[in-house]
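A structural walkthrough
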Amino acid sequence: MPDHFISNTHSSGAFAAGAEPVLRIAPGSGETIGFETDDTVYAQLHEHGDLEKVTAQINPITGPVFIENAEPGDTLAVTIHDIKLLDHGWSVYLPGTGALAGKMGNQAFSRQIPIRSGEVVLTEHLSVPTQPMIGCIGTAPASGTGSTIMPTYSFGGNMDLTDAKPGAVVYLPVEVPGALLSIGDIHAIMARGESSFVAIEAQGTAIVSVDIVKSSPSQKTNHTQTAGHQRIRAPRIETAEEWIFVGLGDPVQESINRGYEDMFDFLVRDHGWSPSDAYVVMSAVAHSELGGPTGSTAPDPLHSMTAVGAVTVHRLPKSVLQND
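In short, a report on the structure. All figures in this text were calculated on a predicted structure; none of them were measured in a lab.

Below, the discussion takes up the layout of surface pockets. If a probe as big as a water molecule is rolled over the atoms, it shows which places are left empty. Counted as a void, the largest pocket has a volume near 300 Å³. Lining the largest pocket are 17 residues, and of these S91, L100, S195, S196 and V198 sit closest to its centre. At three residues, strand β8 (residues 88-93) tops the list of elements feeding residues into the lining of the largest pocket.

I67, I137 and L181 are the most contacted members of the largest nonpolar core, which totals 36 residues. Of all hydrophobic cores here, the second largest spans 16 residues; its members include A77, V213, L267 and A286.

Moving on to the pattern of salt bridges. Inspection of the entire model under this criterion finds 10 salt bridges. Across the pair R192 and E289 runs a salt bridge, and its minimum N-O distance is 3.5 Å. Of the two residues, R192 sits in the loop between β17 (181-189) and β18 (200-201) while E289 sits in strand β22 (residues 287-290), which places them 97 residues apart along the sequence. You can call E289 partly exposed: its relative accessible area is 26%. Ionic pairing is found between R233 and D262, a salt bridge with its closest N-O pair at 2.7 Å. Here R233, found in the loop between α3 (224-227) and β20 (236-238), pairs with D262, found in helix α4 (residues 252-270); they are 29 residues apart in sequence, far enough to count as distant. Bridged by salt links that share partners, the residues D163, R192, E242, E289 and R315 form one connected network.

So, about the packing of α4 against helix α5 (residues 275-285). For the pair α4 and α5, interaxial distance at closest approach is 9 Å and the crossing angle is 130 degrees. Here α5 runs oblique to α4, going by the angle between their axes. Where α4 crosses over α5, the two elements pack in a sense that is right-handed. From α4, Y260, M263, F264, L267 and V268 reach across to α5, where they touch P275, A278, Y279 and M282. In terms of residue class, the contact of α4 with α5 is built from nine nonpolar, no polar and no charged.

With that out of the way, let us pick up the sheet that holds strand β5 (residues 33-36). Taken in spatial order, the nine strands make up an open sheet running β1-β5-β19-β7-β16-β20-β21-β23-β22, and their pairing is mixed. Strands at the two margins of the open sheet, each flanked by one partner only, are β1 (4-6) and β22. Neighbour to neighbour, the strand axes of the sheet diverge by 25 degrees on average, direction disregarded. Where β22 lies against strand β23 (residues 310-317), four bridges are found, and the strand directions are antiparallel.

Parameters at a glance
- Residues numbered from 1 in each chain as written.
- Predicted model: local features only at pLDDT ≥ 70, side-chain atom pairs only at ≥ 80, totals over all residues.
- Heavy atoms only, no water.
- 1 Å grid on protein atoms, 1.4 Å probe; cavity = no way out; pocket = protein on both sides within 12 Å on 5 of 7 lines; lining within 4 Å.
- Points joined across faces, edges and corners; volume = space filled by probe spheres on them.
- Helix = DSSP H or I, 4+ residues; strand = E, 2+ residues; numbered from the N terminus.
- Core = buried A, V, L, I, M, F, W, Y, C linked by side-chain atoms within 4.5 Å.
- Buried < 20%, exposed > 50% of the residue type's maximum accessible area, 1.4 Å probe, protein only.
- Salt bridge = Lys/Arg side-chain N within 4 Å of Asp/Glu carboxyl O.
- Axes fitted to C-alpha atoms, helices over the stretch in contact; angles between N-to-C directions.
- Parallel < 35°, antiparallel > 145°, perpendicular 65-115°, else oblique.
- Left-handed = near helix turned anticlockwise from the far one by under 90°.
- Contact = heavy atoms within 4.5 Å.
- Nonpolar A, V, L, I, M, F, W, Y, C, P; charged D, E, K, R; others polar.
- Pairing = 2+ DSSP bridges.

Below, the structure is given as structure tokens:
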């Protein structure tokens, strides 16, 4: 059991600078926090078969949590220890959304997906091991609010990245005092890129701990040597095998450039590599791909589920850092 538990009754539909925290915690204490998420919207869609009859909040987030001593310019390091799932999830189609909208038509679709003995039962004949992940994780914007649906922001949001999984550390820019961390949108499993704009959505509890990477070189924490103490401009994820840099931009080439630039700075500025070494190694082993489907820019209000811009993902093997 986590040291602290936040039920999904403490949920909202936006990341908000003025949100009242439901918990305050000291960074680096090792204390764990359980964020319970909510899938009521999918249960209602399954029951009614019509999005217009759904009353539950779409993609709610649980929180926020105030992290003591977190200040704008710092980086929040969120270690994901475990994700506990219930006994079922949901696959749904929301008319007009996702890459397959032209194939699925105008009728909503839903299927309850059993989760048994660590496996997701996709069809009568096919089950796959669970690969739980957090779809929506972020801090609060410097002012106002940020959507939990789209776009993805510099402070996080609905990134839908499969790498936000147990064992990973998610690094998020801090824009307000206390950071105000919120988490939602757990998936039992999701294919990279999330073609349908939804995954196998599932209610569950994400168990995490938090630390701060101070923006000043004189205020180092255990993470400083790996995350860098300079302010980051977009989320990044550390797994056992990789450093993963999120690129945000419009058009997609700007997103690609920004993700690669952040990786380059990580090697040159934070790890002391020469620019030429960073250039050569990245050309050889740094892979990129499209990230989640939420876009990097707020969509046209008249087409609120149509992504603008792009989220890209840039992968650096940690093995290249072994001789630092």
